[in-house]
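What the coordinates show
The lines below spell out each chain.
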Amino acid sequence: SSSSSSSSSSGSSRSSSSCSSLSLAARRIHSSQKAPYKTHKSQINRLEQAAAIGLAALQAQQQGSPLAPDAPPGVPAASAGSSLRLGPPPAVAQLQVQKPKKRVGALQRLPVIPPPEELAASALKRSLKVQPAAGLKNEADKERSRAAKQLDTHMKELSVPLSRHLKSFPQLSALHPFEAALLDLTVGAATYASVLGKADVLRKALQEVGKGFANRAANAANKRAAAAVAEEGSASLAVVFAKGSKAVEDLKRVRPL
């Protein structure tokens, strides 16, 4: 019986040791199976942090901030400030340095300027066709409205074409070097800039005179006063435009041959 009990105890010890060894092996296998997942997850986290830092750095560079941005949400400040100092990618930096190319042909697209007499006659004709605002029953109010609208229309018909033409003339700094040299040889850079400046002065003078008389017409005391302001204002606009008509003529001539 003693031999049988010893054999049974030895068998149980062997079975327990085998069970413990199997359990240890199973834990090793389980831990070895988890290790790749943990490693893969940590790599993903590091890549996400690096991408977030790079995106923040690019946005800071585009907004004129320093290349080393503050740490984005969820990223440690040490990794954002010390380990990585990222600027924009090379392609983006190259795009930021590149300047737009100047193309030949800007002087070929200059507008056709009508004669000053034609502009003056057309502006006066259009201004005389305006009607007072609808719904007015008082004759004085009707005349005030008509006079103010007449002067405003007259002013715009003279100044708006000038504004449109001036925008069509390119600045010297925007011209291709070949066209800039051609313009300097045929017209002269100083003459070109002077003509554009005088035309702009005429435009501003027309707007100032027209707005002033339109305001006076809208606040006239009665119908007769409003009509008188409209007549005086139209005459003043015509005089201002006639005195500056040379600037309009020069716009027609300031073209390279």
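Now for a description of the structure that goes with this document. Bear in mind that the values here come from a model prediction, so they are computed numbers and not experimental data. (Residues numbered from 1 in each chain as written. Predicted model: local features only at pLDDT ≥ 70, side-chain atom pairs only at ≥ 80, totals over all residues. Heavy atoms only, no water.)

On to the environment of V201, then. Within the secondary structure, V201 sits in helix α7 (residues 189-218). Here V201 falls in the exposed class, since its relative accessible area comes to 56%. Residues V201 and G244 lie 43 residues apart in sequence; the distance between their C-alpha atoms is 8.8 Å. (Helix = DSSP H or I, 4+ residues; strand = E, 2+ residues; numbered from the N terminus. Buried < 20%, exposed > 50% of the residue type's maximum accessible area, 1.4 Å probe, protein only.)

What follows is about the side chain of Q150. By secondary structure assignment, the location of Q150 is in helix α5 (residues 139-168). With sequence-adjacent residues up to four places away left out, Q150 is seen in contact with S127, L128, V130, A230 and S234. (Contact = heavy atoms within 4.5 Å.)

Let us look at helix α9 (residues 245-253). When α9 is considered as a whole, its buried residues turn out to be A247, V248, D250 and L251. Buried residues of α9 fall within an arc of 160° about the axis and therefore sit on the same side. Residues K246 and R253 are exposed on α9 and point more than 90 degrees away from its buried face. Contact partners of the buried residues in α9: α4 (116-127), α5, α7 and α8 (223-243). (Arc of directions from axis to C-beta.)

Our next topic: the packing of α4 against α9. In contact at an axis separation of 9 Å, α4 and α9 are set at 125° when each is read in the N-to-C sense. By the angle class used here, α4 and α9 are oblique. On α9, the residues that touch P116, E117 and L119 of α4 are S245, V248 and E249. (Axes fitted to C-alpha atoms, helices over the stretch in contact; angles between N-to-C directions. Parallel < 35°, antiparallel > 145°, perpendicular 65-115°, else oblique.)

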